[in-house]
Amino acid sequence: MVETEGRQVLSVRGDDQDPFSRGYICPKAYALKDLQNDPDRLRRPVRRTGEGWQEIPWDEALAEAADNLLRVRNRHGGESLAIYLGNPCAHNLGTTLYGRVLIRALGSHQRFSATSVDQLPKMISSCMLFGEQLLVPVPDVDRTAYLLVIGANPVVSNGSLMTAPAMPKRLRALRARGGKLVVVDPRRTETARLADEHVSIRPGTDALFLFALVHTFFEEGLLRLGRLEPMVEGIEEVRSLARSFSPEAVALRVGIDAPTLRRIAREIAAAPSAACYGRIGTCTQEFGTLASWLVDVVNVLTGNLDRAGGAMFTTPAASFKYGDPSRKSRSLPYGRWKSRVRELPEFGGELPAVALAEEIETPGEGRIRGLVTVAGNPVLSTPDGARLARALESLEYMVAIDIYLNETTRHANLILPTTSPLEHENYDLLLYNLAIRNVAKYSPAAIEPEPGAKHDWEILLSLGARLTGMPDGDIKAFDDQLFAKMVSQAVGRAETPTAEVTAAAALERLGTKPGPARVLDLLLRGGMYGDGFDERREGLSLKRLREAEHGIDLGPLEPRLPGVLATPSGKIELAHERIVADVDRLRRSLDRPADGLVLIGRRQLRSNNSWMHNAPSLVKGPERCTLLVHPTDAARLGLVDGGHARIASRVGEVEAPVTVSDEIMPGVVSLPHGWGHGLEGVRLGVAAARPGVPSNFLADPEVIDTLSGNAVLNGIPVTVAPV
Ligand SMILES: Nc1nc2c(c(=O)[nH]1)N[C@H]1C(S)=C(S)[C@@H](COP(=O)(O)OP(=O)(O)OC[C@H]3O[C@@H](n4cnc5c(=O)[nH]c(N)nc54)[C@H](O)[C@@H]3O)O[C@H]1N2
Ligand SMILES: Nc1nc2c(c(=O)[nH]1)N[C@H]1C(S)=C(S)[C@@H](COP(=O)(O)OP(=O)(O)OC[C@H]3O[C@@H](n4cnc5c(=O)[nH]c(N)nc54)[C@H](O)[C@@H]3O)O[C@H]1N2
Ligand SMILES: [Mo]
């Protein structure tokens, strides 16, 4: 709830009547006030000149951006333009719906996003298992009897691939009703502290850990597929794959003794219901896809997939895909093209972010010479940011759609700023696909945007129109054209609530105002709970959602199988050939010599990736960008609490203050990511006082999860010495 006076934010509070958040509010939401009032936040387009940054009018800026991108394309060809979309794109209705407009208009295969430094392995494994990248099972936290959390810290992150406010309360409730919470993490995290049991694990070995559970299920006769039985293919292959990964075989490498591994397997199998949940720690590592896949293999083999208290699929109120029977049996959107230099596979139309710098640096046909970033800060958030920064500087042209002059956007020729989160409407279109209940809430803009300010979607449409040759970037005409096409594809399909609806009738009811609201209305009304474009019927529409100020609770998750499966066989494909082929790489890792010291990350409650460190309410208090070291390692390395350490990897070196604590396991050190605001040319006054260091200057873009191309941001070999 945001209280305002004119354009001034007075307060931001939780909403007690919101059925989902129950009044809980994350510190990042309080900080929206700081963000709104931040004098460093850009409000007008700025152009880089020899003497610094110059404000220019919008029309001039948009024309200049489009002209320069077209110039690069004319000179160097269609593949010379690239785009990088950052994480806030997934939280903003405008970018979620209109990002693709600019992507298409650029017309190049050089598309990158934060997905490949995040959940890409999970999307690939979901595609292989269930046939659709957004079919990611969500732990039914409010009803489960046993929750196994691997490489996630939901008490700090609020979930992520399980969207849920007030996680601490929900986890305490789980234990209060007699359930068990087990956390597998190299650090005794905030979530681990609330758990019944914390199990330390060597970074990067989760696939081995999970295979040991699967091995035990087979060996000890613990398989219970229940109603899933006729829906699953490939069980015998999984049995044979698991053979080499007995608890005894993996224990040393994983750092967990065999009896504990067996006990956890038996507990999961015996629990009345159980959910296995893996997140960043299981994705951004060397065996990210295998670990992500195995999380769901555990859920399937114990009969916990798609049942109350297990891992379930949401039924979102607005979605492009669900309930659409015509989308079945598509081929896997994987490897249809490869990156030019390293031949990494495309997935879902994107290439891995680890390839961005080399694609800019390496001469030849198809070299990237022009770049658009949208709400992304890859210099701080992707591996070897120092090298990427040099590469960005060598581009012929770069435009950033962003609200700050930061580590990445400082390299742009032009920055196009957007309205702030409080100045535009919102609906969490993507995140609701991963919510632990079926919910829907629409938030109107809390504050009138400043006169002349532009929303993300307006900028994306305008650039898209100009690049496609629409006169003067007429966004109304362009949007009408795109929208009409969308409507005609969305309605009139057999077996959906809109089977009887014509495109003309739907269009008429959806109005003529361009922008994300009418697209949302289309998705809601044609969706699973929609009114089917008939106002007389019960059912959702944007109008009804607007009236429900506190949001609408559509109930707990419901079983959805086999209806939502979209694999070629129509079954859960437990042993996809690409997965099977990658298991050998994992098996070979068992023979490696023990690693030395490795680095992992650390998310913090009052921090949001790289871009909220200019909010005074978030950065106050003691220095947080510190290297966490176990006391035995500190003693061995000569490090003291409060002293300084130099951390070096194959690609880089940084210095950070040291915190000695046994919350981290021996042999592992931890540095939070997203800091490092002391780079030249950054305009972040508050952050500059406490810049921290860029942890991703240590991450190595050559070390990846080879199946997905996802970055390895955890388990980076480092050496540490006192300074
Ligand atoms: N306050 C806050 N909330 C956020 C964000 C934020 O920056 N700040 N970011 C948001 C975003 S973009 C995302 S993607 C989500 C992420 O959500 P989470 O994944 O829940 O968040 P993390 O804290 O990164 O949790 C990863 C955990 O994995 C552990 N880990 C590291 N390496 C390994 C490993 O090899 N194996 C295992 N088992 N564990 C390992 C780390 O110690 C850490 O506790 O959070 C979202 N929420
Ligand atoms: N070592 C390590 N690295 C990590 C991670 C980790 O756990 N460890 N986590 C990874 C994860 S999960 C993620 S998601 C990525 C994030 O990686 P990125 O998405 O590349 O980076 P962010 O820090 O989210 O930067 C967001 C940018 O968007 C701008 N911005 C904010 N709001 C808006 C808006 O409404 N509109 C526009 N146009 N711009 C806006 C900000 O100014 C900032 O420049 O980082 C990854 N990097
Ligand atoms: Mo993320």
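Residues numbered from 1 in each chain as written. Chains lettered and ligands numbered in written order. Predicted model: local features only at pLDDT ≥ 70, side-chain atom pairs only at ≥ 80, totals over all residues. Heavy atoms only, no water.

All right, on to the domain arrangement of the protein then. On domain assignment, one finds that the protein holds domain 1 (2-37), domain 2 (121-318 + 562-586), domain 3 (474-550) and domain 4 (596-722). One C-alpha centre belongs to domain 2, the other to domain 3, and the line joining them spans 37 Å. In this assembly, 4 residues from domain 2 lie in contact with 7 residues from domain 3. Summing both sides of the interface, domain 2 and domain 3 together bury roughly 400 Å²; the carbon and sulfur share of this comes to 71%. The three residues of domain 2 that bury the most area against domain 3 are Thr315, Ala317 and Ala318, which together make up 94% of that side's buried surface. Remark: the boundary between domain 2 and domain 3 carries 0 salt bridges. Inspection of the domain 2/domain 3 interface yields 1 residue pair in polar contact (both at pLDDT 80 or more). Tallied by class, residues from the side of domain 2 that touches domain 3 come to 3 nonpolar, 1 polar and no charged. (Domains from an automatic or database assignment. Contact = heavy atoms within 4.5 Å. Buried area = accessible area lost by both parts, 1.4 Å probe. Salt bridge = Lys/Arg side-chain N within 4 Å of Asp/Glu carboxyl O. Polar contact = N/O pair within 3.5 Å; in protein donor to acceptor, adjacent residues only side chain to side chain. Nonpolar A, V, L, I, M, F, W, Y, C, P; charged D, E, K, R; others polar.)

Now for the site of ligand 1. Close contacts around ligand 1 come from 30 residues, with Ser157, Asp185, Gly204, Asp206 and Ser607 the closest. Taking valine 184, its main chain carries an N or O atom lying 3.2 Å from a nitrogen atom of ligand 1. A distance of 3.0 Å separates a nitrogen atom of ligand 1 from a polar backbone atom of glutamine 604. Protein contacts shield 95% of the accessible area of ligand 1, which totals 920 Å² for the unbound molecule. Counting only elements with at least two residues in the shell around ligand 1, the list comes to helix H6 (154-157) and helix H13 (280-283). By residue number, the principal contributor to the shell around ligand 1 is H6, which donates 3 residues. Of the residues that constitute the shell around ligand 1, the class distribution is 11 nonpolar, 13 polar and 6 charged. Shared between two domains, the shell around ligand 1 holds at least three residues of each, these being domain 2 (121-318 + 562-586) and domain 4 (596-722). (Near = heavy atom within 4 Å. Areas by Shrake-Rupley, 256 points an atom, 1.4 Å probe, with all protein chains shown as cover. Helix = DSSP H or I, 4+ residues; strand = E, 2+ residues; numbered from the N terminus.)

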